[in-house]
Number of protein chains: 2
Amino acid sequence: MAVTQRRFDPERRDRIISAALDVIAEAGVAGASHRKIAARADVPLGSMTYHFTGMDEVLREAFTRFAATIAVRFEARMAQATTFDEARAAVVDLIHEDLTGSARELVLTQELYTLAAREPVYRKITHAWMKQSRDALVRHFDPATCRMLDALIEGLSLHAALDTEEHHRAATAEAVARITTPAATHH
Amino acid sequence: MAVTQRRFDPERRDRIISAALDVIAEAGVAGASHRKIAARADVPLGSMTYHFTGMDEVLREAFTRFAATIAVRFEARMAQATTFDEARAAVVDLIHEDLTGSARELVLTQELYTLAAREPVYRKITHAWMKQSRDALVRHFDPATCRMLDALIEGLSLHAALDTEEHHRAATAEAVARITTPAATHH
DNA sequence: AGCCGTTGTGTACGATCGTACGCATGACCG
DNA sequence: CGGTCATGCGTACGATCGTACACAACGGCT
């Protein structure tokens, strides 16, 4: 019956990972089960244990892909900028366009951080993500500033996403301007 | 005989909430169950449904208490400062002493944020927390700066906690100095 | 063409979950 | 001092979970 196409289906594994991200976005890591993910990916339950050693492996691969996706967009956004001012503007765009809009991405990011807070394995993923972000920034700013700016982006995005009142671009731009301006040395 | 004191035992409810925080810190919201929490609090399973309508209520009260605890410490730290420079130093201390050290608090914070990212009910808790933090800052900085500084604190704490390499106080101090120094106006 | 081994699937089991509900227990009042 | 009723507990049930394992389905080799 033209049905199964069982051997050599590399797409199956990918579909499971995508489905896992969907399920996690909707129900959280807490609510993600082999059964739900299998149903969402339209694969039999047995496929889960066949393709993955356990839920941990699914989560690790899912979040690795997720982090890579976001990081690539981050890099693309920063690569467009050529001048210092454009770089600053790009950061503001990044916070307001990319990192704030989607509830799905906010949720997935937080789920990942929660895992990373508890288990070092997931921290590798966040660490790679952070490094990739800083590498995208270092073309425009000095290394020390990159760290501060990266942290500021993180905080502003999170607060903008969780806060009820709207955050204005002007305020973000001001914050970015400040953090990228060396303070007068004093002692 | 002063023993069981079944009626009017307000301590029981509190113990359950404390136990819930312990369990969540260890096993995450995902791994927290009525049974585990009851066992940890040394109360019968039936007490869970008796004192709370469901897990949601337990989580809400637990995280409300947690957020209040952290916020109070935040306020205490900031209240010690009298001058502008002391306030800046207090912020640096806050990041390095209070917010980075404990794995338990990192985990609980992230678990809360994850819930807040998905459900508005929990966002009320984070919102109140953020407001309380900003109120503690506003004695020393202007409102706009408070928002930026609050976001910076969030980002720096998170990155310091998740990053493998050590973050130095000097870098934090520099970031705080920058964010609390108005940028030269330009247009 | 027909066997064979790899690849993938269906199912059944034991554990654990939240919740409902009947009953013990002790406080309070007459 | 004893009856009554709100308070709190033990237990049992149905649902859902991850996983093991027997077996179906096919490509390749002779």
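Per chain, the residues get numbers from 1 upward, laid out in the order the sequence is written. As a convention, the first chain written is A and the first ligand written is 1, with the rest following in written order. Given that this is a predicted model, residues contribute local features only at a pLDDT of at least 70 and side-chain atom pairs are listed and counted only at 80 or more, while totals for whole chains, interfaces and linings are drawn from all residues. Hydrogens and water are ignored here; the side-chain numbers use all heavy atoms of the structure.

Caption draft 1: Summary view of the overall build of chain A. Only DSSP runs of H or I covering at least 4 residues are called helices, and only runs of E covering at least 2 are called strands; the numbering of each starts at the N terminus. Secondary structure summary: chain A contains nine helices and zero strands in total. Its C-alpha atoms give chain A principal-axis dimensions of roughly 75 × 35 × 30 Å. Residue burial is assigned from relative accessible area. The probe radius is 1.4 Å, only protein chains are included, and a residue is buried under 20% of its type maximum, exposed over 50%, and partly exposed in between. Buried residues in chain A amount to 50% of all 187 residues. In this description, contact between two residues means that some pair of their heavy atoms is separated by no more than 4.5 Å. Of the contacts made within chain A by residues no fewer than 6 positions apart, 63% connect residues no fewer than 24 positions apart.

Caption draft 2: Here's a closer look at the environment of G46 of chain A. Its location among the elements puts G46 of chain A in helix 3 (residues 45–51). For G46 of chain A and K36 of chain A, which are 10 residues apart along the polypeptide, the C-alpha to C-alpha distance reads 12 Å.

Caption draft 3: Looking closely at the interface of chain B and chain A. Counting from both sides, the interface comprises 47 residues of chain B and, opposite them, 47 residues of chain A. A buried area of about 4000 Å², summed over both sides, lies between chain B and chain A, and 61% of it is on carbon and sulfur atoms. Among the residues chain B hides against chain A, the three largest losses belong to H159, L162 and R178 of chain B. Together they make up 19% of the total. The term salt bridge refers to a pairing of a side-chain nitrogen on Lys or Arg with a carboxyl oxygen on Asp or Glu at a separation within 4 Å. Applying the counting criterion to the chain B and chain A interface returns seven salt bridges. For R147 of chain A, the salt bridge identified is with E165 of chain B, shortest N-O distance 3.8 Å. Any N or O atom pair separated by 3.5 Å or less is treated as a polar contact, with the protein-specific requirement of one donor-capable and one acceptor-capable atom, and with residues adjacent in sequence counted only for side-chain atom pairs. Taken together, the links from chain B to chain A amount to 23 residue pairs in polar contact (both at pLDDT 80 or more). Accessible-area loss on putting two parts together, using a 1.4 Å probe and summing over both, is the definition of buried area adopted here.

Caption draft 4: Structural detail: the nonpolar core. Ranked by internal contacts, the top residues of the largest apolar core, which has 44 residues, are M78 and L137 of chain A together with M78 and L137 of chain B. Once you skip the residues sitting within four places of it in the chain, M78 of chain A turns out to touch A87, A90, V91, L94, A136, L137, H140 and F141 of chain A. Residues belong to one nonpolar core when they are buried, are Ala, Val, Leu, Ile, Met, Phe, Trp, Tyr or Cys, and are joined through side-chain atoms within 4.5 Å.

Caption draft 5: Structural detail: the relation of the copies chain B and chain A. Alignment of the copies relies on least squares applied to C-alpha atoms, considering only residues that score at least 70 for pLDDT in both. If you rotate chain B by 180° and push it 0.0 Å along the axis, it lands on chain A with an RMSD of 0.0 Å. Here the transformation between the copies is reduced to the relation of a two-fold axis. When you check the interface residues of chain B against chain A, 100% turn up at the interface there too, and the contact is symmetric in its surfaces.

Caption draft 6: Seen up close, helix 8 (residues 143–162) of chain B. Its 20 residues place the ends of helix 8 of chain B 29 Å apart at the C-alpha level, agreeing with the 28 Å of an ideal helix rising 1.5 Å per residue. Of all 20 residues in helix 8 of chain B, 17 are buried, a share of seventy percent or more. By this rule, a helix spans an expected 1.5 Å times one less than how many residues it contains.

Caption draft 7: Here's a closer look at the side chain of T145 of chain B. Position of T145 of chain B among the secondary structure elements: in helix 8. One polar contact links T145 of chain B to D142 of chain B, side chain to side chain, over a distance of 2.6 Å. Filtering out sequence-adjacent residues up to four positions away, T145 of chain B remains in contact with R178 of chain A together with I179 and T180 of chain B.

Caption draft 8: Structural detail: helix 7 (residues 120–137) of chain B. Residue and element names in this part refer to chain B. In this model, helix 7 (18 residues) spans 25 Å end to end at C-alpha, consistent with the 26 Å of a helix rising 1.5 Å per residue. By the burial criterion, the buried members of helix 7 are Y122, I125, T126, W129, M130, S133, R134, A136 and L137. For helix 7, the arc enclosing every buried residue in end-on projection is 165°, short of the 170-degree limit, so these residues lie on one face. Looking at helix 7, the residues exposed on the side facing more than 90 degrees away from the buried face are P120 and K124. Arc definition: directions from the helix axis to the C-beta atoms.

Caption draft 9: Quick peek at the packing of aromatic side chains. Only rings of Phe, Tyr and Trp enter the pairing, Trp through its six-membered ring, and a pair is recorded when the two centres are within 6.5 Å. The plane angle decides the type: under 30 degrees is stacked, over 60 is edge-to-face, the rest tilted. Summed over the entire model, instances satisfying the criterion amount to six aromatic pairs over all chains. A ring pair is formed by F66 of chain A and W129 of chain A, whose centres lie 6.2 Å apart and whose planes are at 85°; its orientation type is edge-to-face. Of this pair, F66 of chain A sits in helix 4 (residues 55–80) while W129 of chain A is found in helix 7 (residues 120–137), placing the two residues 63 residues apart along the sequence. What makes F66 of chain A buried here is its relative accessible area of 6%. Geometrically, the ring pair formed by Y113 of chain B and W129 of chain B is tilted, given 6.1 Å between the ring centres and 40° between the ring planes. Here W129 of chain B lies in helix 7 and Y113 of chain B lies in helix 6 (residues 103–118), a separation of 16 residues in the sequence. These aromatic residues form a ring-pair network of at least three members: F66, Y113 and W129 of chain A.

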